[in-house]
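# Chain and residue survey
One-letter residues, chain by chain:
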Amino acid sequence: MIRFGDVLGLADDALIAAQRLGEWCSRAPEMEEDIALANIALDQLGAARLLFAYAGELEGHGRSEDDFAFLRGDREFRNVQLVELANGDFAVTMAKLLFLSAYQRLLYDRLAGGTDERLAAIAAKARKESAYHVDHSSRWVVRLGDGTDESHRRMQSGVDAVWPYTHELFEGSSADLREPWLAEIDKVFAEATLTRPADGWAPTGGRRGLHTEALSRLLAEMQVLHRAHPGATW
Amino acid sequence: MTTAQVVDLVAAVRDPELRVVTIGELGIVRDVAVRDDRVTVTITPTYSGCPAMDMIRSDIEAALHAAGFAEVAVDTVLSPAWSTDWISEPGRRKLAEAGIAPPAAGGHRPVSLSLTVRCPRCGSPDTEELSRFGSTACKSLRRCRACLEPFDAVKTL
């Protein structure tokens, strides 16, 4: 039985990831990358919209996609903390994208074969796109990790910085996805000459509405227009 | 107007991002149901976040209104998920003629070796990928090593 909160969590992961990736627009290291990150953000936003629409129906109070995106406070968001963290440098963004998209692909694969037909349809669509996100971020992690001394140092440091936040992805019903996820990540790390950080501190709480300050700052920017001009369209 | 004619009318709507092909050739029209002067069209998105969907919806409505149908509804279905395999042969030919490399066949199956994308201008198989993500969600950016022209390619999905 799929619950409202589960769907909302997936939707929030995708929405917040989209917003963070969108921040790279006009700031990426090269023009092709600018376009790539905007496209990946668009894929995430598309999945978020489909999931919000479904969450609204499951909840049954008539909340729309915009209500979920623009009219909730930070404590009402159910995304994992990994996606809300500030972008950091390009290596941090690529580490985040690799960890998230590898998880999303495994999760969507499972949901696509699940009994909830609506969720299966959304997941079957999204997993094809996730495969491209995994491919793109893997290539960058390998290129930077197995690059110059400086790019290697920064890629390893990006991985180290966000690794603690990956544990939250595998809480609850997705616990058994960590093993296949690690296999995928280890393969990329091996090629990228990176070292998998030791497991230790594992921040948690996102799925219960406990977030870092970074989410509040992100929401302030994302919601300001809608809150200042309720119902505005253009 | 017969149902077949209405289907043709809908299928002839152009894709706003790939102007050389129709939505029929792109394979995104899933159903057209006509009841009296009411038409219900069902389409499927190429990508979840495809920004062209709203425009496609309104283009379908405009085309049917112009043909005299007062009530038009455009529904969206996700399953089965669109695949580039659904782009018709004429659609592939038109893309290539417009300088956009059509996708490889078999997007739903794993391919163990990377298949070459031929240059839509000179036909050379010696091309390289510049970026996996191109000017729209459904395209990548490539360059031909033989004639040196950059070109768009529809990504296999």
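Only a predicted model underlies this, so the values are computations on that prediction, with no experimental measurement involved.

## Concerning the UniProt feature "domain: MIP18 family-like" (unreviewed entry) in chain B
Summarizing the sequence annotation, UniProt attributes the feature "domain: MIP18 family-like" (unreviewed entry) to residues 4-66 of chain B in the numbering used throughout. This span, residues 4-66 of chain B, is 41% helix and 21% strand, and a straight line between its end C-alpha atoms measures 17 Å.

## Some thoughts on the sheet that holds strand β1 (residues 29-35) of chain B
All names here are of chain B. Spatially, 3 strands are ordered β1-β2-β3 in an open sheet, and the strand pairing comes out mixed. The sheet terminates laterally at β1 and β3 (71-76), the two strands that pair on one side only. Strand after strand, the sheet turns through a mean of 15 degrees between neighbouring axes, direction not considered. Relative to β3, strand β2 (residues 38-43) runs parallel, the two sharing 6 bridges. For Thr-40, the partnering residue across the bridge sits in β3 and is Ala-73. The strands touched by helix α1 (residues 3-11) are β1 and β2; relative to β1, the strand with the most contacts, the crossing angle is about 140 degrees. Taken strand by strand, helix α3 (residues 53-66) contacts β2 and β3, and its axis lies near 155 degrees from that of β3.

## Things to note about the pairing of strand β6 (residues 139-144) of chain B
Residue and element names in this part refer to chain B. Pairing geometry for strand β5 (residues 127-131) and β6, over 4 bridges, is antiparallel. What sits directly across from Thr-127, in β6, is Cys-144. In terms of strand pairing, β6 meets strand β7 (residues 150-154) through 5 bridges, oriented antiparallel. Within β7, the position partnered with Arg-142 by the bridge is Phe-151. A loop of 5 residues connects β6 with β7, the two strands running antiparallel in sequence, and Leu-148 in this loop sits at a positive phi of about 70 degrees.

## Re unusual backbone geometry
Here the bond from B:Ser79 into B:Pro80 is cis, since omega is -5 degrees, no more than 30 degrees from zero. Within the fold, B:Pro80 resides in the loop between β3 and α4 (89-97). A positive phi is found at A:Thr193, a non-glycine position, where the angle reads about 55 degrees. Position of A:Thr193 among the secondary structure elements: in the loop between α8 (178-191) and α9 (213-228). Note on A:Thr193: relative accessible area 41%, which makes it partly exposed. Phi is positive for B:Asp36, close to 55 degrees, though the residue is something other than glycine.

## A word on the interface of chain B and chain A
The interface is formed by 23 residues belonging to chain B together with 21 residues belonging to chain A. Across the chain B/chain A interface, buried area totals approximately 1900 Å², and carbon plus sulfur atoms make up 62% of it. Area buried by chain B at its contact with chain A is led by B:Ser48, B:Leu78 and B:Phe133, which between them contribute 37% of it. At the boundary of chain B and chain A, one finds 9 residue pairs in polar contact (both at pLDDT 80 or more). Of the residues forming the side of chain B that touches chain A, the biggest block, 3 residues, is contributed by β5(B). Here the residues of the side of chain B that touches chain A sort into 11 nonpolar, 9 polar and 3 charged.

## A few points about the side chain of A:Arg178
All names here are of chain A. Following the sequence through the fold, Arg-178 ends up in helix α8. Look at Arg-178 and you get buried, because its relative accessible area is 18%. Here the side chain of Arg-178 touches Asp-199 through a polar contact of 3.2 Å, side chain to side chain. Ignoring any residue separated from it by four or fewer positions in sequence, one finds Arg-178 in contact with Trp-163, His-167, Phe-170 and Asp-199.

## Brief notes about the nonpolar core
As a rule of thumb, nonpolar side chains are buried together in soluble globular proteins. Counting 103 residues, the largest nonpolar core has A:Phe99, A:Trp181, B:Ile60 and B:Leu64 as the members making the most contacts within it. When residues of this core are assigned to their parent elements, the largest contribution, 14 residues, is made by helix α5 (residues 90-112) of chain A. Formed jointly, this core draws a minimum of three residues from each of two domains, domain 1 (3-76) and domain 2 (92-154) of chain B. In this structure, A:Trp181 is in contact with A:Phe99, A:Ala102, A:Tyr103, A:Leu106, A:Trp163, A:Thr166 and A:Phe170, ignoring residues within four places of it in sequence. Among the nonpolar cores identified, the runner-up in size contains 6 residues, and B:Cys119, B:Cys144, B:Phe151 and B:Ala153 belong to it.

## Some words on the packing of aromatic side chains
All names here are of chain A. Evaluation of the coordinates by the stated rule reveals 13 aromatic pairs over all chains. Taken together, a centroid distance of 5.5 Å and an interplanar angle of 10 degrees make the contact between Phe-52 and Phe-68 stacked. With Phe-52 in helix α2 (residues 31-59) and Phe-68 in helix α3 (residues 65-70), the pair connects residues that are 16 residues apart, well separated along the chain. Overall, the relative accessible area of 2% leaves Phe-52 in the buried class. Residue classification places Phe-68 among the buried residues on the basis of a relative accessible area of 0%. Their ring planes at 35 degrees and their centres at 5.6 Å tell us that Trp-163 and Trp-181 sit as a pair that is tilted. Within this pair, whereas Trp-163 is found in the loop between α7 (149-162) and α8, its partner Trp-181 is found in helix α8, the two being separated by 18 residues in sequence.

## Re the sheet that holds β5(B)
In space, the 4 strands of this open sheet follow the order β4-β7-β6-β5 (chain B), with mixed pairing throughout. Edge strands, defined here as strands with exactly one partner in the open sheet, are β4 (100-101) and β5 of chain B.

Rules and cut-offs
Residues numbered from 1 in each chain as written. Chains lettered and ligands numbered in written order. Predicted model: local features only at pLDDT ≥ 70, side-chain atom pairs only at ≥ 80, totals over all residues. Heavy atoms only, no water. UniProt positions renumbered as here; feature names shortened; annotations may be inferred. Helix = DSSP H or I, 4+ residues; strand = E, 2+ residues; numbered from the N terminus. Pairing = 2+ DSSP bridges. Axes fitted to C-alpha atoms, helices over the stretch in contact; angles between N-to-C directions. Contact = heavy atoms within 4.5 Å. Buried < 20%, exposed > 50% of the residue type's maximum accessible area, 1.4 Å probe, protein only. Buried area = accessible area lost by both parts, 1.4 Å probe. Polar contact = N/O pair within 3.5 Å; in protein donor to acceptor, adjacent residues only side chain to side chain. Nonpolar A, V, L, I, M, F, W, Y, C, P; charged D, E, K, R; others polar. Core = buried A, V, L, I, M, F, W, Y, C linked by side-chain atoms within 4.5 Å. Domains from an automatic or database assignment. Phe/Tyr/Trp six-rings, centres within 6.5 Å; stacked < 30°, edge-to-face > 60°.

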